[in-house]
Every structure is written in C-alpha cells, then in structure tokens.
Amino acid sequence: MLFQHYEQQEFSGKRIRTPARQFQTGGNTMTETKNEIRVARNHKDRLFRMIFREKKELLSLYNAVNGTSYTNAEELEIVTLENAIYMNMKNDLAFIMDSYLNLYEHQSTYSPNMPLRDLFYIAKELQGQIDHRDLYRNTLIKIPTPRFLVFYNGSEEQAEKKYLRLSDAFQKSMDDPDLELVVTMLNINLGKNRKLLEQCQTLKEYAIYVKKVRTYAKSMKNVEEAVDRAVTECINEGILQEFLLQNRKEAVEMSIFEYDEEAVFEIVRKDEYEKGLQEGIKEGREEGFTAGKADAILDLLEDIGTIPEEIREKICNEKDSKVLNGWLKQAAKAESIDEFVSKM
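Residues numbered from 1 in each chain as written. Predicted model: local features only at pLDDT ≥ 70, side-chain atom pairs only at ≥ 80, totals over all residues. Heavy atoms only, no water.

K.L.:
A description of a nonpolar patch on the surface should follow, citing residues and the corresponding values.
P.N.:
On the surface, Leu135, Tyr136, Ile141 and Ile143 cluster together to form a nonpolar patch covering roughly 440 Å² of accessible area. With respect to the helices and strands, Tyr136 occurs in the loop between helix H3 (114-129) and strand S10 (145-152). Assessed through its relative accessible area of 72%, Tyr136 is described here as exposed. (Patch = residues over 30% accessible without salt bridge, like charges linked within 9 Å, V, L, I, M, F, W, Y side chains within 5 Å. Areas by Shrake-Rupley, 256 points an atom, 1.4 Å probe, with all protein chains shown as cover. Salt bridge = Lys/Arg side-chain N within 4 Å of Asp/Glu carboxyl O. Helix = DSSP H or I, 4+ residues; strand = E, 2+ residues; numbered from the N terminus. Buried < 20%, exposed > 50% of the residue type's maximum accessible area, 1.4 Å probe, protein only.)

Right, dumping it as structure tokens:
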C-alpha cells in the first residue's frame, strides 16, 4: 500500500518535516521523504540470524571460518544478547567456543562503524558474564578471547576480506592506540570466498538464495512475487529446503524487508549528496558557494571515516567550483576515506 502524508521524521539524529511516502511490506513500515528515509525495524529477526541460530549450523559456520573440525555442537554456548539493541541494531550471533567469544554480524549494507558497535556489544556481553564485585579483587579475571566477524552480502562491490578498525574513527590518529578493536569483514556473495562457501554448505545455499531473490526482484515488478518465486525454486532444488519448508512465511517476510531495506539505504546516500549540493548553492556568493560545497564534502566523508588533516585542509582551501563538484560526487559514492583520496 502506498500513500502520502506529512510527518516530522528522524533518521541518524536529523529531524525534518517533509512530504513522505510509506510502504507496507511484510508487516514492516518504511517511510521515504525527500531528504531521508526511515526504516521501522519492527521485524522479529533476520534471515541470516534465524538460519544460523541453530547450534549445528552455527558450529558448521565456525568450523568453516576457523579451519577447525569440531563435531559436538553442545560444546558451543550461545550468549547472544537478545534484548540488547544499539542504534536500532540487534547483536546477531554471539557464542563461546574453545575459550573464544565470537561476535558474528550479518550486513547487506556496508558500514565502517561496525567496530564501534562491537565495542558496545562486547562491553555489554562481558558485563553479563562477570560479577562487578570481582573487578576489585587482586587476582586477574580471565575472559574468553573476543573475535569479531561481519558476513557481508550487499549489492555494492566489496573485497573478499576487509579489516575494520576502531582506531580509524579516532579524531587523533596514533600508531599504537591505547584502545583498538578489529572486525574482519568477509564477503559471502557468490563468487567471493569460494573456499569458505564450499566448507559451509548452509552458507553457500544462503548465498544462492539471496542471489535468486535479487535477480528476480530486479526482473519482476512485484518484490513479494519475486521472493516467493525464489523460495519455491530453492525448495524444489534442495537449497535451504528443510529451513524454507518449516519457515516459509517468516523467510518470505524477512526477505522482502531486507531487500527493500537495501534500496532504502541506497536512496539515503543519494539524498545526502543532493543535500550537500543544495547547501553549497544556498550560500549565494562565490566564497560562500565554495565553502558550502566544502562543508558538504566534509560532512559526507565524516560519515565514512576519519578525515586526515591534510585532506581536510586541501578541501577547505580549494576555490575551484568544478573541482569541488567532482569531489562532492566522489564523496557521495565513496565507501572509505582511502577510496575518496585515491580519486581526488
């Protein structure tokens, strides 16, 4: 159902009152306005999390990632924070295995802020495992060794493996920061990390299913029909067959929501570019015009990382409007500071 209304909205801490469109899909609501889109995350779960919350499947994924061959799923202790929500995102999967505390997250939209989110998660996780009174004893408290992984399967091109560091967000860079947290991001789209997919059959079948959903959603006008076709085809081909037969309704609803959510965030990025451009135009005079564009470029870059001081100065000192226009477009498209700098 599609209708138009006016509403005060909030996304990423920003509030505006603009004409809006709302989409009802699978019991979830998505609101689109001229300047922003808000996803109401009132769905119960995500497909990736639902598939791998079973100990048997999670152990298979763990073995594939670490090159191990554990067979007793009962040795795996699931400690996922069911009620902990940060920035509207649940911790997907957390479990202890062989003295490692593993935090697994799935993403269909790339975010460089995953280390910061994992910092929140791990702090909350350890708070639940340790009696705070023990912190004042004169003996060392041993804790499971943390590991942080993101399984990425978004439509935007990403490397097979990428390391995201908390220190990239620090306003002052350090060679050896006092606090660091490293997240390993693994691309699980078909054609990426083939060895990993071959070693975990369920992960491979999940990747095949996602590919089918995207392919049919692009060629068919109705997303719900596209998802239903992908589910039916996978069942007939033995892909996630048992899971889809048992959870067809939930799988269809989650897939519709997740596909629409990817489109939502793509529009958000485009809107940020348009907003930056308009801020520059509103300055009027040439000096204000270029300063507005420089500010818009910096705003976009600050969303994806820490801007080196020399790059910040170069942008602020640039007076050529054409050069700034080019940088503004690159900033809107860039996934990292390094990518933007390489194309300046």
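K.L.:
How would you explain the pairing of strand S9 (residues 100-107) if you had to name every residue and give the values?
P.N.:
Burial runs high along S9: seven of the eight residues are buried. Bridge analysis of strand S8 (residues 93-97) against S9 gives five bridges, and the strand direction is antiparallel. Opposite Ile96, over in S9, you have Leu101 as the bridge partner. Between S8 and the antiparallel strand that follows it, S9, lie two residues; Asp98 among them carries a positive phi value of about 55°. Alignment of S9 against S10, held across eight bridges, turns out to be parallel. Note that in S10 the partner of His106 across the bridge is Phe151. In this region the chain leaves S9, passes through H3 and returns to the parallel neighbour S10; the handedness of that crossover is right-handed. (Pairing = 2+ DSSP bridges. Right-handed = clockwise from strand over helix to strand, strands pointing away.)

K.L.:
Let's hear about the packing of aromatic side chains: which residues, and what values?
P.N.:
Within the structure shown, the criterion is met by seven aromatic pairs. Summarising the aromatic geometry, the rings of Tyr62 and Tyr70 are spaced 6.2 Å apart at their centres and angled 45° between planes, so their arrangement reads as tilted. Of the residues examined, Tyr62 reaches a relative accessible area of 1% and is grouped as buried. The partly exposed category is assigned to Tyr70, whose relative accessible area is 29%. Considering the side-chain rings of Phe95 and Tyr104, the 5.0 Å spacing of their centres and the 90° angle between planes classify their relative orientation as edge-to-face. In textbook terms, an aromatic cluster arises when at least three aromatic residues are bridged by ring pairs, as seen for Phe48, Phe52, Tyr62, Tyr70, Phe95, Tyr104, Phe151 and Tyr206. The cationic tip of Arg147 hangs over the ring face of Tyr100; the distance from NZ or CZ to the ring centre is 3.5 Å. Lying across the ring of Tyr216, Arg229 places its NZ or CZ 4.0 Å from the centre. (Phe/Tyr/Trp six-rings, centres within 6.5 Å; stacked < 30°, edge-to-face > 60°. Lys NZ or Arg CZ within 6 Å of the ring centre and 35° of its normal.)

K.L.:
Tell me what's going on with helix H5 (residues 201-219), and back it up with residues and numbers.
P.N.:
Taking 1.5 Å as the rise per residue, H5 with 19 residues should run 27 Å; its terminal C-alpha atoms sit 27 Å apart, in good agreement. Among the residues of H5, Thr202, Leu203, Glu205, Tyr206, Ala207, Tyr209, Val210, Lys212, Val213, Arg214, Tyr216 and Ala217 are the ones counted as buried. (Expected span 1.5 Å × (residues − 1).)

K.L.:
Outline the environment of Val150, listing residues and values.
P.N.:
Residue placement: Val150 occurs in strand S10. For Val150, a relative accessible area of 1% gives the class buried. Note: C-alpha distance between Val150 and Leu103 (47 residues apart in sequence) is 8.4 Å. Residues within four places of Val150 in sequence aside, it is in contact with Glu105, Gln107, Met114, Val183, Thr184, Met185 and Leu186. (Contact = heavy atoms within 4.5 Å.)

K.L.:
For helix H11 (residues 321-333), give the residues involved together with the corresponding values.
P.N.:
Compared with the 18 Å implied by 1.5 Å per residue over 13 residues, the 19 Å span of H11 between its first and last C-alpha is a close match. Where H11 is concerned, the buried positions are Ser321, Leu324, Trp327, Leu328, Ala331 and Ala332. Buried positions in H11, seen along its axis, are confined to an arc of 135° and lie on one side of it. For H11, exposure combined with an orientation more than 90 degrees from the buried face picks out Lys322 and Lys333. Its side-chain oxygen 2.9 Å from the backbone nitrogen of Lys322, Asp320 forms the N-cap of H11. (Arc of directions from axis to C-beta. Polar contact = N/O pair within 3.5 Å; in protein donor to acceptor, adjacent residues only side chain to side chain.)

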